[in-house]
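The lines below spell out each chain.
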Amino acid sequence: MSEQGTVRVYVGTRKGGYVVTGDKGRKKWRVSGPSHEGRDVYHMSPDPRRPGTVFALVNSPWWGPMVVRSTDHGKTWREVAPPMMKKSKERPAPGPDGPAKNPIVNLWHLEPGPDSDPSTYFLGVDPASLYRTDDRGESWAPVTALNEHETRSAWNPGAGGLCLHTILIDPTNPRRMYVGISAAGTFRSDDGGDHWQAMNRGVKISFLPEKNPPVGQCVHDVAMDPATPSTLYRQDHDGIYVSRDSAESWKHVGGPLHSDFGFVVVAPPAMPGSAFFVPLEGATRTIGGHGLQVQRWDERTRRWSALVKGSPFPGDFGMHREGFATDPFDPAGLYLGTSTGQLFISPDAGRRWLQVPYQFPGIQSVSVAAGAGR
Amino acid sequence: MAAVRLDAMLREFGPGGTLTTPASSVGALLEELETRYPRLQYRLRDETGAVRKFVRVFVNGKAVEGASGLATPIGPTDRVDILHSIQGG
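Here is what the cut-offs are and how they apply
- Residues numbered from 1 in each chain as written.
- Chains lettered and ligands numbered in written order.
- Predicted model: local features only at pLDDT ≥ 70, side-chain atom pairs only at ≥ 80, totals over all residues.
- Heavy atoms only, no water.
- Helix = DSSP H or I, 4+ residues; strand = E, 2+ residues; numbered from the N terminus.
- Rg over C-alpha atoms; globule rule 2.2 N^0.38 Å.
- Buried < 20%, exposed > 50% of the residue type's maximum accessible area, 1.4 Å probe, protein only.
- Lys, Arg positive; Asp, Glu negative; His and termini not counted.
- Charge placed at Lys NZ, Arg CZ, Asp CG, Glu CD.
- Contact = heavy atoms within 4.5 Å.
- Areas by Shrake-Rupley, 256 points an atom, 1.4 Å probe, with all protein chains shown as cover.
- Salt bridge = Lys/Arg side-chain N within 4 Å of Asp/Glu carboxyl O.
- pLDDT = per-residue confidence, 0-100.
- Core = buried A, V, L, I, M, F, W, Y, C linked by side-chain atoms within 4.5 Å.
- Disulfide = S-S within 2.5 Å.
- Pairing = 2+ DSSP bridges.
- Axes fitted to C-alpha atoms, helices over the stretch in contact; angles between N-to-C directions.
- Polar contact = N/O pair within 3.5 Å; in protein donor to acceptor, adjacent residues only side chain to side chain.

Caption draft 1: Spotlight on the overall build of chain B. Per the secondary structure count, chain B includes one helix and five strands. Expected size for 89 residues packed as a compact globule is a radius of gyration near 12 Å; at 12 Å, chain B falls within 12% of this value. Along the first, second and third principal axes, the C-alpha atoms of chain B reach 40 × 25 × 25 Å. A buried classification covers 51% of the 89 residues belonging to chain B. Charge centroids of chain B, computed over 11 positive and 10 negative side chains, lie 4 Å from each other.

Caption draft 2: Representation of the overall build of chain A in the model. On a plain count of helices and strands, chain A comes out with one helix and 28 strands. Seen through its principal axes, chain A has C-alpha atoms that stretch 60 × 50 × 40 Å. The buried share of chain A, taken over its 374 residues, is 60%. Look at the contacts in chain A between residues 6 or more apart in sequence, and 50% of them connect residues 24 or more apart. As displayed, chain A offers around 15000 Å² of accessible surface, 50% of which is attributable to carbon and sulfur atoms.

Caption draft 3: Structural context of the environment of B:Leu33. All names here are of chain B. Along the chain, leucine 33 turns up in helix H1 (residues 26-36). The exposure class assigned to leucine 33 is buried, which follows from its relative accessible area of 0%. Sequence separation between leucine 33 and glycine 14 is 19 residues; the distance between their C-alpha atoms is 9.7 Å. Not counting residues up to four positions away in its chain, the partners in contact with leucine 33 are Leu6, Leu19, Leu40, Leu44 and Ile82.

Caption draft 4: How the structure looks around the pattern of salt bridges. All names here are of chain A. Counted according to the given criterion, the structure contains 23 salt bridges over all chains. Across the pair arginine 78 and glutamate 138 runs a salt bridge whose closest N-O atoms are separated by 2.7 Å. With arginine 78 in strand S7 (residues 78-79) and glutamate 138 in the loop between strand S10 (129-133) and strand S11 (141-142), this pair connects stretches of sequence that are 60 residues apart. A residue is classified by how much of its surface remains accessible, and arginine 78, at 43% relative accessible area, is partly exposed. One salt bridge in this structure joins aspartate 298 and arginine 296, with 3.7 Å as the shortest N-O distance. Given the relative accessible area of 16%, aspartate 298 is considered buried. Overlapping salt bridges, with partners in common, bring together Arg176, Arg188, Asp190 and Glu248 in one network.

Caption draft 5: How the structure looks around the confidence of the model for chain A. Here chain A averages 92 in pLDDT, and 93% of its residues register 70 or above. Confidence drops under pLDDT 50 across residues 95-100 of chain A; counting only partners more than four residues distant or on other chains, this segment forms four contacts.

Caption draft 6: Focus on the confidence of the model for chain B. Residues and elements named next belong to chain B. Per-chain confidence: chain B averages 89 in pLDDT, with 97% of residues scoring 70 or above. Across chain B, strand S4 (residues 62-64) holds the top mean pLDDT of 94, while strand S2 (residues 17-21) sits lowest at 90. Per the prediction output, this complex has pTM 0.93; the corresponding ipTM is 0.86.

Caption draft 7: Quick look at the nonpolar core. Residues B:Val26, B:Leu29, B:Leu33, B:Leu44, B:Val80 and B:Ile82 are the most contacted members of the largest nonpolar core, which totals 33 residues. Within the residue set of this core, elements represented by two or more residues are strand S4 (40-46), strand S5 (54-59) and strand S6 (66-70) of chain A together with strand S1 (2-6), H1, strand S3 (55-59) and strand S5 (79-84) of chain B. Listed in part, the 24 residues of the second largest apolar core include A:Phe263, A:Phe276, A:Val308 and A:Phe324.

Caption draft 8: Spatial organisation of the state of the cysteines. Counted by the stated rule, this structure contains zero disulfides over all chains. Lacking any disulfide linkage, A:Cys163 is separated from the closest cysteine sulfur, that of A:Cys218, by 7.8 Å.

Caption draft 9: How the structure looks around the sheet that holds S3(B). Residues and elements named next belong to chain B. Across the sheet, five strands lie side by side as S2-S1-S5-S3-S4; this open sheet has mixed pairing. What marks the edges here is a single partner per strand, and that holds for S2 and S4. Direction aside, the axes of adjacent strands within the sheet are offset by 30° on average. In terms of strand pairing, S3 meets S4 through three bridges, oriented antiparallel. Bridge pairing in S4 links valine 57 to valine 64. Set on the sheet, H1 makes contact with S1, S2, S3, S4 and S5; between it and S2 the angle comes to about 115°.

Caption draft 10: Highlighting the environment of A:Arg321. Residue and element names in this part refer to chain A. Relative to the helices and strands, arginine 321 resides in the loop between strand S23 (303-306) and strand S24 (324-326). Sequence-wise, arginine 321 and threonine 53 are 268 residues apart; in three dimensions their C-alpha atoms are separated by 23 Å. With residues up to four places along the chain from it excluded, the contact list for arginine 321 reads Trp108, Cys163, His165, Ser182, Val219, His220, Asp221, Phe263 and Val264. Polar side-chain contacts of arginine 321 include one of 3.3 Å to the side chain of histidine 165.

Caption draft 11: Looking closely at the side chain of A:Ser274. Residue and element names in this part refer to chain A. Along the chain, serine 274 falls in strand S21 (residues 274-277). Under the relative-accessibility criterion, serine 274 is labelled buried at 0%. Not counting the four nearest positions on each side in its chain, serine 274 is found in contact with Asp225, Tyr233, Val266, Ala267, Pro268, Arg296 and Trp297.

See the structure below:
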């Protein structure tokens, strides 16, 4: 496991991006920022293959979406090409009734590519599409096989839009990828993105007449088990699921919980077989019990355990789907940002928690750069 | 040539203040600005060519609206203002 050193937590908020730097013990934290002040930073993505390189996805209703890149841990930033930038300057001519195709509304998630392709990154956007760059963001190409998937007419936007928000790459087989789209479900490619198939068998839908369609599921987040990549943990609008066969089928495991609605899941590298979720009340989108609580799923015992003892942080907290992160250390760190601007950190896999003493704007995303590995 | 006034927010992407243009239509003006100032590309208009929601273009004080507004002619004595609406919290 990685040697402990400086930990940087990248916090994307509705009003800019922050870097929260921690000491070796992950107990003291220093906040710097914001960058991109006043703008909606949906995701900040450090690249474990290139320490110091961080991308941020900056959305603006005035200027449209921007991709920016830092090579000094987020101190300075430079805009790179947005995904709609074509090598040709030609645009489709607006028709008499306006533009013929939907423009990109928001950028959602940027994922570094496999270790074998150090200049490759994948980008998920709204309306749901996947883009790929092989030159560190200087140019982009749409992943057409997914973006024009035969099931696309059955995809529908959730409350956050029709967004492609999750991108996972199998570390043991870099040509195998997964994406999550709300509300379309999870898709898998086994050939580097040339072909895609919907992977939603067993995941129910409560908001359509057909309860088990092949697509249309409102997946909120997916995490891959660090030791067994064929095991996936999935938080849907309609519950918590586990797949043990590379998403060929899904098993509902959230039943014992008071509620298994939620938005986030992480699977720490130091804890194979464990996934951490933050269930919310469906009606309020806040943690039940009026205080911070995190649930751990243990794949070996197939049981749940609540991690936060007592009520050290009373309140009504919600979070967005990028708002939970982990680190490569043992014991694992957990980093939870709320939609009302609190950042909670556990340095020991959820036994103890602290709140960073800074009131952030509403937090859109939390990402961690620490040592080696993702 | 027509005079073009750009609001201060645009300075982040290159131009600011007043400049002149030989463009003969609003659409041609936007193309010219994007060519002269590449960082403006996709900031005034999206990738389909539509003017962004909160960008407003006025020719002699009259708002240019919708896709058909891009064809609005510009004469040598005209004045064009490119402004941003401010909204939200």
